[in-house]
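Fold and geometry: a report
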Amino acid sequence: MAAEDQKWSFVVTANRLPVRRVWEGDTAKWVPSPGGLVSALRPVMSGNPDAVWAGWTGVPGPGTEPFEVDGFQCHPVGVSQGELQLFYEGFSNATLWPLFHDALVPPEYHRTWWDAYRTVNQRYAAAVANLAAPGATVWIHDYHLLLVPGLLREARPDLRIGFFLHIPFPARELYIRLPWRAEIINGLLGADLIGLQTPLGADNFCRAVARITGAKTTGKLIQHNGRATQVGAFPIGIDTDRIASLAADPAVQARATEIRQSLGSPATVLLGVDRLDYTKGIEVRLRAFRELLAEGRLSVDDCVLVQIAEPSRSQVTGYAEVRQAVEQLVGDVNGNFGVMGSPVVHYLHQSHPIEELVAMYLIADVMLVTPLRDGMNLVAKEYVACRPDNSGVLVLSEFTGAAQELRTAELINPHDVEGLKSAMEAAAHRPQAEAEPAMRTMRRLVRSNTAQRWAERFLARLEGCE
Ligand code: F6P
């Protein structure tokens, strides 16, 4: 059978495939795609011969031949250079992303972006309709594909359709600013089940639906246009076993020791690991750190801050600005407080393989996760999974989905600089015995709500939808 004729009983679609094509000189290779979505879904797909993942390769151009990764099929969907600018950089990342993250930068509304968004969503829906076997289960992911559930429902009423939003769903008062608010809600309501990261996200969504469509909602069941859609909170997890086994790997541990030594074996390592995004609150933590040093509450003699900032969306409004601001702050802190040969902030604007990140989690006495808004934040969970001796302190923003679960973290309001400073200072000085109970509780949680469990819960609920 030709590859394009093969039908699948389980189809996943997200903007990106789990791997992306990168060029090193003349050689092309596949590397893992960035972000939490891929790291959470990959273990669910791994080795599943009945599953296919439809998405973009990260390179503009027509869709290429299907290929296999980790024992499952990947089906590339083409996105042209022009669409990349209008659909991905434009509507997805300069309209929806900021709007859904509390309008931290002003969302832009352009009709040309919307047209491209619709066109690309139609292409994804057509690709999935073509891949899905009769009665198949389809799982659609994230804000790039909000219209796909409805388009797919029209084309293939036989399918069981689930949708999961990885980012926050905003307050209704913000959502209703969107000129295409009704089209998007109607698109989403093509799904049998809509999953959000938190109960607040699910409430916000139901409130927006009630206001925009007048649909009848009973609890989390929405009746609209003769169909029922269920809504629920499904907080996403990580591949805890994989992260924990990397943390136990002697090669990774040796690398951790090497990194600590290369930092000058400081008494306290503070760590931030983020995509370089204005939502992540990287500037906030650097400012707090600078003030703590200036006030003598932390000392360069025993503290080092490592900030990993993975390059991200550099062509999108707001991202060049945040990079400039972060790099200026890093320069300022090092210029004022560093000593010859020993910067106090080690800043890397680079992507790192997971093995290297785990080595960094292993040496981090204090993990700084300070977003202004974040759907979940899997870095917080990965850090916890890397602390088998229950050591370390997680400083965690209240405005992350993770804070709903990791209640024993050092919770902070990233808008409150004095509060953040006190939390960072206390975390850096906290004796291990005092830190242990909080970490133990968080570890139990991260072990029980893994990516696999998250997917099982979502798919079991989807199978139960009438
Ligand atoms: O979690 C939000 C998200 O947009 C994911 O959909 C994506 O995998 C990740 O962030 C990385 O972003 P991008 O695909 O824009 O590089």
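We now turn to the structure provided with this report. These numbers were taken from a predicted model, which means no experiment stands behind them.

1. Here we look at the environment of Asp241
- Mapped onto the elements of the fold, Asp241 is located in helix α8 (residues 240-248).
- Along the chain, Asp241 and Ser422 lie 181 residues apart, while their C-alpha atoms are 33 Å from each other.

2. Looking at the packing of aromatic side chains
- The tally for this structure, following the rule as stated, stands at 21 aromatic pairs.
- On the basis of an interplanar angle of 20° and a centroid distance of 6.1 Å, the ring pair of Trp114 and Tyr117 is categorised as stacked. Note that Trp114 and Tyr117 are positioned in helix α3 (residues 111-131) at a spacing of 3 residues, about one turn of the helix. Judged on exposure class, the residue Trp114 and its partner Tyr117 are both buried.
- An aromatic cluster of three or more residues is present, and its members are Phe87, Phe91, Trp114, Tyr117 and Trp180.

3. Things to note about the pattern of salt bridges
- Applying the stated criterion across every chain, the model contains 29 salt bridges.
- For Asp203, the salt bridge goes to Lys220, with nearest N and O atoms at 2.8 Å. Taken as a pair, Asp203 in helix α7 (residues 199-213) and Lys220 in the loop between β10 (216-218) and β11 (221-224) lie far apart in primary sequence, 17 residues in all.
- Among the ionic contacts, a cluster of salt bridges with common partners joins Glu291, Glu295, Arg297, Glu418, Lys421 and Glu425.

4. Regarding the sheet that holds strand β13 (residues 268-275)
- Strand order in the open sheet formed by 6 strands is β15-β14-β13-β16-β17-β18, with parallel pairing between adjacent strands. At either margin of the open sheet sits one strand with a lone partner, and together these are β15 (345-348) and β18 (410-412). Neighbouring strand axes in the sheet, compared pairwise and without regard to direction, differ in orientation by 15° on average.
- Of the pairings in the sheet, the one linking strand β16 (residues 366-369) to strand β17 (residues 393-397) comprises 4 bridges and is parallel in character.

Analysis parameters
- Residues numbered from 1 in each chain as written.
- Predicted model: local features only at pLDDT ≥ 70, side-chain atom pairs only at ≥ 80, totals over all residues.
- Heavy atoms only, no water.
- Helix = DSSP H or I, 4+ residues; strand = E, 2+ residues; numbered from the N terminus.
- Phe/Tyr/Trp six-rings, centres within 6.5 Å; stacked < 30°, edge-to-face > 60°.
- Buried < 20%, exposed > 50% of the residue type's maximum accessible area, 1.4 Å probe, protein only.
- Salt bridge = Lys/Arg side-chain N within 4 Å of Asp/Glu carboxyl O.
- Pairing = 2+ DSSP bridges.
- Axes fitted to C-alpha atoms, helices over the stretch in contact; angles between N-to-C directions.

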